[in-house]
Amino acid sequence: MEMEKSLLLAASSLILVVSLTTGASLSQESMIRIDGSSTVYPLTEAVTEEFLKENKGRIKVTIGISGTGGGFKKFIRGEIDIQDASRPILHEEMEAARSAGIEFIEIPIVFDAITVVAHPKNTWVDSLTVDELKRIWEPAAQGKVLYWDQIRTGWPHRKFSLFGPGADSGTFDYFTEAVVGKSKSSRGDYTGSEDDNVLIQGVEGNLDALGFIPYAYYRPHRSRLKAIPIAWEKNRVREPVAPSLQNVLDGIYNPLARPLFIYVNKKSAAEKPEVRKFVQFYLENADILARQLRFLPLPDEAYLKAFQRFEEMKAGTTFAGNFQVGVTVGEMFESEPKN
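About the criteria used
Along each chain, residues carry numbers from 1 onward, in the same order as the chain's sequence is written. Two thresholds apply to this predicted model, a pLDDT of at least 70 for residue-level local features and 80 or more for giving and counting side-chain atom pairs, whereas whole-chain, interface and lining totals are computed over all residues. Side-chain measures here rest on the full set of heavy atoms in the structure, leaving out hydrogens and waters. When accessible area is computed with a 1.4 Å probe and restricted to protein chains, residues below 20% of their type maximum are described as buried, those above 50% as exposed, and intermediate ones as partly exposed. The secondary structure listing takes helices from DSSP runs of H or I that are at least 4 residues long and strands from runs of E that are at least 2 residues long, numbered from the N terminus. Pairs of strands are assigned from DSSP output, requiring at least two bridges between the strands. Axis geometry follows a simple rule: fit a line to the C-alpha atoms, using only the stretch in contact for helices, then measure angles between N-to-C directions, giving values from 0 to 180 degrees. Here roughly perpendicular refers to angles of 65 to 115 degrees, roughly parallel to angles under 35, roughly antiparallel to angles over 145, and oblique to all remaining angles. Should any heavy atoms of two residues lie within 4.5 Å, those residues are counted as being in contact. Each residue gets one of three labels, nonpolar for Ala, Val, Leu, Ile, Met, Phe, Trp, Tyr, Cys and Pro, charged for Asp, Glu, Lys and Arg, and polar for the others, Gly among them. Throughout, nonpolar core names a set of buried Ala, Val, Leu, Ile, Met, Phe, Trp, Tyr and Cys residues whose side chains join them through atoms within 4.5 Å. Salt bridges are defined as contacts in which a side-chain nitrogen from Lys or Arg sits within 4 Å of a carboxyl oxygen from Asp or Glu.

Burial of helix 2 (residues 67-76) is extensive: nine of the ten residues sit out of reach of the surface. Among the residues of helix 2, those classed as buried are Gly-67, Thr-68, Gly-69, Gly-70, Gly-71, Phe-72, Lys-74, Phe-75 and Ile-76. One or two positions beyond helix 2, positive phi appears at Gly-78, with a value near 80 degrees.

Moving on to the pairing of strand 5 (residues 104-113). Most of strand 5 is tucked away, with ten of its ten residues classed as buried. Here strand 5 pairs with strand 13 (residues 257-265) via nine bridges, running antiparallel. Bridge pairing in strand 13 places Phe-111 opposite Pro-259. Where strand 5 and strand 14 (residues 296-297) come together, two bridges link them in antiparallel fashion. By the bridge assignment for strand 14, Val-110 is matched with Pro-297.

So, about unusual backbone geometry. Here Asn-254 and Pro-255 are connected by a cis peptide whose omega angle stands at 10 degrees. With a phi angle near 70 degrees, Arg-294 is a residue other than glycine that sits in the positive phi range. Position of Arg-294 relative to the elements: it lies in the loop between helix 10 (273-292) and strand 14. According to the relative accessible area criterion, Arg-294 is partly exposed, its value standing at 29%. One non-glycine residue with positive phi stands out, namely Ala-320, at about 60 degrees. Mapped onto the elements of the fold, Ala-320 is located in the loop between helix 11 (300-311) and helix 12 (329-333).

A word on the packing of helix 10 against helix 11. Between helix 10 and helix 11, the shortest axis-to-axis distance is 9 Å and the interhelical angle comes to 175 degrees. One finds that helix 10 runs roughly antiparallel with respect to helix 11. Along its contact with helix 10, which presents Arg-276, Val-279, Gln-280, Leu-283, Glu-284, Ala-286 and Asp-287, the element helix 11 presents Asp-300, Tyr-303, Ala-306, Phe-307, Phe-310 and Glu-311. Classifying every residue of the contact of helix 10 with helix 11 gives seven nonpolar, one polar and five charged.

This paragraph deals with the nonpolar core. Residues Leu-43, Ile-107, Leu-128 and Val-264 are the most contacted members of the largest nonpolar core, which totals 109 residues. Looking at which element gives the most residues to this core, the answer is helix 10, with nine residues. With near-sequence residues (within four places) excluded, Leu-43 lies in contact with Ile-109, Val-110, Tyr-282, Ala-286, Leu-289, Ala-290, Leu-293 and Phe-295.

Here we take up the pattern of salt bridges. A full pass over the atoms with the stated rule returns 20 salt bridges. Across the pair Asp-112 and Arg-258 runs a salt bridge, and its minimum N-O distance is 2.7 Å. Here Asp-112, found in strand 5, pairs with Arg-258, found in strand 13; they are 146 residues apart in sequence, far enough to count as distant. Residue Asp-112 shares its accessibility class with Arg-258, and that shared class is buried.

As structure tokens, then:
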């Protein structure tokens, strides 16, 4: 089974639609429609491939990549059944969904450790603090903070180059919220792309590059990139912490650890047996497929709770429409979801 595929995004568009189809003459109403996060896409694609094999050509699935924000717009318009999301649904999106009569079931599927990366031959950046990241990425830094020695005394007077996700990305939303303190608040003079492979190529091709990408994209390319441990003054561990599954589950890779989600249209789950079957299959297979694709799976008990939430059709979010930096597995399930 080919579990790792290159992610190809159309050069002139932020949207890629891939149809994984087995079977003919199915109406639009009978297919499962998925869109959203490029971060979650490889896992959803892998789940879909296995689901189609098991169902032997009886179901059609389409997967799109519009980014988390773009996917939520489609989800709220009722155009898709399932939304891949690399951040929780926000308050304004909840309000729009309520106005449109869309109820949703929020299902955490894996964790991510947003990974700050540099060129592997960069010998001076062995760690960064969250405060240093803020000074690099905040809007006030644009055109002013340009050299390594402006970040830390003793670093070379060399101009750095920055790479990061585009503004429609949930990764961009979460990083800016966690580091700068406000979602989408960032300097604009950096190379942005919705395709994480473009960011990887940019960093590995420039000795003075610095960027941030999802862990699942860093891990297969770890020989081509240098992951930077992060120190956070609010962390119970004072020294810099590297991205890893254990550090995420231990709650010490903060503030850059985050859950990833699928959001399911409750009406679709209630009225379309194929959607229910797909989501059940997703939760039953997320652990093993996540490991194969270098995502960070949830503990077994978390998948059981997510399965129970879906079976009981509990609509709403446990995040209250806000970013919650450093949320633990337990916190995602300790309260009832609310619309």
